[in-house]
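# Geometric and topological summary
Now for the letters of each chain:
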Amino acid sequence: MTRPDEETAADGETTGPDGTATTATTAVVTGAGSGIGRAVALELAAAGRPVTLAGRRAAPLEETARLIARTPGAGAATVVPTDVTDPEAVTALFASVRESGRRLGLLFNNAGAFGPAVPLEDLTPEDWRAVVDVNLTGAFLCAQAAFRLMRGQRPQGGRIINNGSVSAHAPRPGSIAYTATKHAVTGLTKSLSLDGRPYGIACGQIDIGNAATEMTERMQAGVPQADGTVRPEPVMDSADVARTVRHMADLPLEANVQFATVVATTMPYIGRG
């Protein structure tokens, strides 16, 4: 079955490094070595879409690629170790996509860090900057590089999906750096959506609450609540989040899920406080 982004590409051509025309597309997934990033990469690849796996550590990315290779009918997986806080590394990541001859159809801007769970007064400037560098600056650098590539393609266009968080709407205790960056990601999403209009670049955001990943293992043991208590929280399967991202990605570029919120149904989010 032809995907919506392939139908769009069929209206024109993308020129590969050897000067030949191609309409093949790829998806770039950052933070693809674990958690939501791995789940989304597996879901996209299972649908036959080639994926470029980015993240700081090569070994987890290679494991994601092995899982994809064992999936019948999966798209090809390319591993590109990338520190999203490093402008040169990000440039090299998207240069590898351009040089592959494939059209960039999707960036899932997923790499993120929570930072230390400490009282606000104990958060060091170094820890603050580390979270900002990954969650905000890294997301910007990847979005900017993807934007440039999508704008230069013929035909122009593509899709960027930013991984936000329910913390973009309601903070947890002791999460000021993470919460501030996720609010900022919402602004990034809105600006990208506006600036991308002339070039057929759609941008949306998925805000996730309590997906079962390495980052949320502590949820089931008990985490601080707004009323001062410590209680366990329910989690949901990260595969359900991945299916939502795939739905957003598979829309034609004339349609966009601007914001989607996917949460564990009984988590203390609605009415938090």
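Further up the page is the structure itself.
Residues numbered from 1 in each chain as written. Predicted model: local features only at pLDDT ≥ 70, side-chain atom pairs only at ≥ 80, totals over all residues. Heavy atoms only, no water.

## Structural notes on the overall build of the protein
Condition: Secondary structure elements follow DSSP: runs of H or I of four or more residues count as helices, runs of E of two or more count as strands, with numbering from the N terminus. For every residue, the accessible area obtained with a 1.4 Å probe (protein chains only) is divided by the maximum for its type, and the residue is called buried under 20%, exposed over 50%, and partly exposed between those limits. Any two residues having at least one pair of non-hydrogen atoms within 4.5 Å are treated as being in contact. Only the protein chains shown count as cover for residues, with accessible areas throughout obtained via the Shrake-Rupley method and a probe of 1.4 Å. Counting rule applied: Lys, Arg positive; Asp, Glu negative; His and chain ends not counted. Lysine's charge is taken at NZ, arginine's at CZ, aspartate's at CG and glutamate's at CD.
Scanning the protein from N- to C-terminus turns up 7 helices and 11 strands. Per-residue burial over the protein gives 48% buried out of 273 residues. Taking the intrachain contacts of the protein between residues at least 6 apart in sequence as the baseline, contacts between residues at least 24 apart amount to 73%. Accessible surface, the protein: about 12,400 Å² in total, of which carbon and sulfur atoms supply 53%. Of the side-chain charges in the protein, 24 are positive and 28 negative, and the distance between the mean point of each set is 2 Å.

## Section: the sheet that holds strand E4 (residues 51-55)
Put simply, the test is: Any two strands with at least two DSSP bridges between them are considered paired. Every angle, taken between N-to-C directions, lies between 0 and 180 degrees, and every axis is a line fitted to C-alpha atoms, over only the stretch in contact when it is a helix.
In spatial order, the strands read E5-E4-E3-E6-E7-E8-E11; together these 7 strands make up an open sheet with parallel pairing. Each having just a single partner strand, strand E5 (77-81) and strand E11 (259-263) make up the two edges of the open sheet. Recorded for the sheet is a direction-independent mean angle of 20 degrees between the axes of neighbouring strands. In terms of strand pairing, strand E8 (residues 201-209) meets E11 through 5 bridges, oriented parallel. Paired with Gln-205 across the two strands is Phe-259, which belongs to E11. In this fold helix H4 (residues 87-100) packs onto strand E3 (25-30), E4, E5 and strand E6 (103-109), with an angle of close to 160 degrees to the strand it touches most, E3. Of the strands in this sheet, strand E7 (158-163), E8 and E11 are in contact with helix H6 (residues 176-196), which crosses E8 at around 160 degrees.

## Some remarks on the packing of helix H5 (residues 125-152) against H6
Quick note on the threshold: Our angle categories are set so that under 35 degrees counts as roughly parallel, over 145 as roughly antiparallel, 65 to 115 as roughly perpendicular, and the remainder as oblique. Crossings are assigned a handedness: left-handed for a near helix turned anticlockwise from the far helix by less than a right angle, right-handed for a clockwise turn.
Two elements in contact, H5 and H6, have axes separated by 9 Å at closest approach and are oriented at 15 degrees. Compared by their axis directions, H5 and H6 come out roughly parallel. In terms of crossing hand, the pair formed by H5 and H6 is right-handed. Contact residues: Trp-128, Val-131, Val-132, Asn-135, Leu-136, Ala-139, Phe-140, Ala-143 and Phe-147 in H5; Ile-176, Ala-177, Tyr-178, Ala-180, Thr-181, Lys-182, Ala-184, Val-185, Leu-188, Leu-192, Asp-195 and Gly-196 in H6.

## What to know about the packing of aromatic side chains
For clarity, the cut-off: Paired rings are identified among Phe, Tyr and Trp, the last through its six-membered ring, by centres lying within 6.5 Å, and are further divided according to the angle between planes into stacked (under 30 degrees), edge-to-face (over 60) and tilted (the rest). Any Lys NZ or Arg CZ that is within 6 Å of a ring centre and within 35 degrees of that ring's normal is treated as a charge sitting over the ring.
Applying the stated criterion across every chain, the model contains 2 aromatic pairs. Measuring from ring centre to ring centre gives 4.7 Å for Phe-114 and Tyr-178, while their planes differ by 40 degrees; the resulting arrangement is tilted. With Phe-114 in the loop between E6 and H5 and Tyr-178 in helix H6, this residue pair connects regions lying 64 residues apart in the sequence. Accessibility expressed as a relative area gives 11% for Tyr-178, which makes it buried. Seen in terms of ring centroids, Phe-147 and Tyr-199 are 5.8 Å apart; in terms of plane orientation they differ by 85 degrees. Their pairing is edge-to-face. Pair noted here: Phe-147 is in helix H5 and Tyr-199 is in the loop between H6 and E8, with a separation of 52 residues, a long-range link. The exposure class assigned to Tyr-199 is partly exposed, which follows from its relative accessible area of 26%. Lying across the ring of Tyr-199, Arg-151 places its NZ or CZ 5.8 Å from the centre.

## Some remarks on the pairing of E3
Selection criterion: When the strands point away from the viewer, a crossover counts as right-handed if the route from the first strand across the helix to the second turns clockwise.
In terms of residue burial, E3 counts as a mostly covered element, since 6 of its 6 residues are buried. The alternating pattern of E3 places Thr-25, Ala-27 and Val-29 and Thr-26, Val-28 and Thr-30 on opposite faces, both of which are buried. Here E3 pairs with E6 via 5 bridges, running parallel. Each residue of the ladder has a partner; that of Val-28, found in E6, is Leu-107. Bridge analysis of E3 against E4 gives 4 bridges, and the strand direction is parallel. Bridging from a neighbouring strand, Thr-30 pairs with Ala-54 of E4. Following the backbone out of E3, through helix H2 (residues 35-46) and into the adjacent parallel E4, one traces a crossover that is right-handed.

## A word on a nonpolar patch on the surface
Let me state the cut-off plainly: Here the term patch refers to residues with relative accessible area over 30% and no salt bridge, with like charges joined within 9 Å and nonpolar side chains (Val, Leu, Ile, Met, Phe, Trp, Tyr) within 5 Å. When a carboxyl oxygen of Asp or Glu lies within 4 Å of a side-chain nitrogen of Lys or Arg, that pair is called a salt bridge.
The grouping of Leu-120, Trp-128 and Ile-176 at the surface amounts to a nonpolar patch, some 290 Å² of accessible area in total. Within the secondary structure, Trp-128 sits in helix H5.

## Notes on helix H3 (residues 58-69)
Selection criterion: By this rule, a helix spans an expected 1.5 Å times one less than how many residues it contains. By definition, the arc is the one covered by directions from the helix axis to the C-beta atoms.
Helix length check: H3 (12 residues) gives 16 Å between terminal C-alpha atoms against 16 Å at 1.5 Å per residue, within 8%. For H3, the set of buried residues is Pro-60, Leu-61, Thr-64, Ala-65 and Ile-68. In a view along the axis of H3, the buried residues occupy a sector of 145 degrees, so they form one face of it. Every exposed residue of H3 that faces more than 90 degrees away from the buried side is listed here: Ala-59 and Ala-69.

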